[in-house]
Amino acid sequence: MADSIIPVLPHEIIIEILLKVPPESLLKFKCVSKSWLELISSPKFIKSHLKLTASDKDYSHHKIIFQESASNFKVCCLPSLFYKERSTELFDLGSPMENPTIYTWTVGSVNGLICLYSKIEEAVLWNPTIKKSKKLPTFGEKLRRDCSYYCKYGFGYDESHDDYKVVVIQCISEDGGSYNTVVNIYSLKADSWRTINKFQGNFLINSPGKFVDGKLYWALSADVNTFNMCNIISLDLADETWRMLELPASYGEASYPLTLGVMGSHLSVLCLNCHEQTYSDVWIMKDCGVKLSWTKIFTVDHPKGLGEFIFFSPIFSMPLSQTTKGEILLLLRPVIMIYDGSTRQLEVVDKFGECAAEEIYVESLVDPLLIS
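Residues numbered from 1 in each chain as written. Predicted model: local features only at pLDDT ≥ 70, side-chain atom pairs only at ≥ 80, totals over all residues. Heavy atoms only, no water.

Peer 1: Describe the nonpolar core, naming the residues involved and giving the relevant values.
Peer 2: Counting 33 residues, the largest nonpolar core has Leu18, Phe45, Leu125, Phe155, Tyr164 and Val166 as its most contacted members. Put simply, the parts of the chain that give this core at least two residues each are α1 (11–18), α3 (34–41), α4 (43–54), β4 (104–110), β5 (113–118), β8 (148–158) and β9 (163–173). In this view, Phe155 contacts Val107, Gly108, Ser109, Val110, Leu113, Cys115, Leu125, Tyr164, Lys165, Val166, Phe211 and Leu216; residues no more than four positions away in its chain are not counted. Within the second largest apolar cluster, 17 residues are counted, among which are Leu78, Leu329, Ile338 and Val349. (Core = buried A, V, L, I, M, F, W, Y, C linked by side-chain atoms within 4.5 Å. Buried < 20%, exposed > 50% of the residue type's maximum accessible area, 1.4 Å probe, protein only. Helix = DSSP H or I, 4+ residues; strand = E, 2+ residues; numbered from the N terminus. Contact = heavy atoms within 4.5 Å.)

Peer 1: Before we move on, can you summarise the pattern of salt bridges with the specific residues and values?
Peer 2: Here the structure, examined in full by the defined rule, presents nine salt bridges. The partner of Lys74 in a salt bridge is Asp92, and the shortest N-O contact between them spans 2.3 Å. Taken together, the residues Lys74 in strand β2 (residues 73–77) and Asp92 in strand β3 (residues 91–94) connect sequence positions 18 residues apart. Here Arg194 ties to Glu240 by a salt bridge, and the two come within 2.2 Å at their closest N and O atoms. One end of the pair, Arg194, is in strand β11 (residues 192–196); the other, Glu240, is in the loop between β15 (229–236) and β16 (242–245), and 46 residues separate them in sequence. Overall, the relative accessible area of 40% leaves Arg194 in the partly exposed class. (Salt bridge = Lys/Arg side-chain N within 4 Å of Asp/Glu carboxyl O.)

Peer 1: Kindly report on the packing of α1 against α3, identifying the contributing residues and their values.
Peer 2: Contact geometry of α1 with α3 gives a least axis separation of 12 Å together with a crossing angle of 55 degrees. As far as their axial angle goes, α3 and α1 are oblique. Between α1 and α3 lies a crossing of right-handed hand. Taken together, the residues of α3 that come into contact with α1 (itself represented by His11, Ile14, Ile15 and Leu18) are Trp36, Leu39 and Ile40. (Axes fitted to C-alpha atoms, helices over the stretch in contact; angles between N-to-C directions. Parallel < 35°, antiparallel > 145°, perpendicular 65-115°, else oblique. Left-handed = near helix turned anticlockwise from the far one by under 90°.)

Peer 1: How would you sum up the sheet that holds strand β6 (residues 124–127)? Please name residues and give values.
Peer 2: Within the open sheet, the four strands sit side by side as β4-β5-β6-β7. Their pairing is antiparallel. Unpaired on one side and paired on the other, β4 and β7 (132–135) mark the two borders of the sheet. Going across the sheet, the axis of each strand differs from the next one's by a mean of 20 degrees, ignoring polarity. (Pairing = 2+ DSSP bridges.)

Structural data, given as structure tokens:
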């Protein structure tokens, strides 16, 4: 009789096993027992699980979210785009917005949370893996009605305070042609907006900002009427300070636009060759305390006309370590391309009709409703 009794595993072993279970299965495992519910819902377990899924070298828990013309969202697994012998299937996600429209944009993704902004309703923080979302407090009352302005957005994670922050930068046109910049920051922990008056820069180009290692990055222009870059600026989400960054050496005194992206855990810059315009250099930034350096990692060959297309499209990139040719994914709306390191060529890997790739995110258990 004693031999038929199933032994009880030590609690530490149970935790190690559950940490390797996909998020969607863990949601079901919450129903196993009260102790499992408490364990899987605990902040410590959620952070440990996120650390493992985000660092998975096969990127099996990374997804690409698409937005279709009807403003609903679809998703596919990131690695599937590298299987060129078969088409990639998209799955419906719906939308967390109350009134989905074509005027809904993806601001960014951090730790499985996706920030969405709409012209007709408040911004939303959404975890599509666990199907939980939070509508942000009203921000419209902070917008001035007696002037013209444009807004730039950013979304990131402040690790030192364990807080998620949304940044809205209003570039306001005053009477007489002068410009004023107002920086508004939303804290998920405090569930409120506030204004900081520390902005130092000219006119922001890319929107949304690129989030890397606790900072949001935008390219700057010296002239509001052009896309000519003069610098890069960063906002540290922990102490909310700004910093100016020099451009890569190859950019020189050129007047061509550049594109910011994210390469793994580094800020990346795509610089068009100013003279021939038939190839572009990709640089990554290495920030070692007070010292900053740019390293060119590869060059992309492309037709002359493609250069302009690339630089007016958002670029997100992620190296897949399992590919032997150093393939790198480029999301260039409305197409997805792969850079082949062995040939230095770009290749369109799939077309999804009216669906446009918006963002790469990792599956997680982070619940925007439970962070306080």
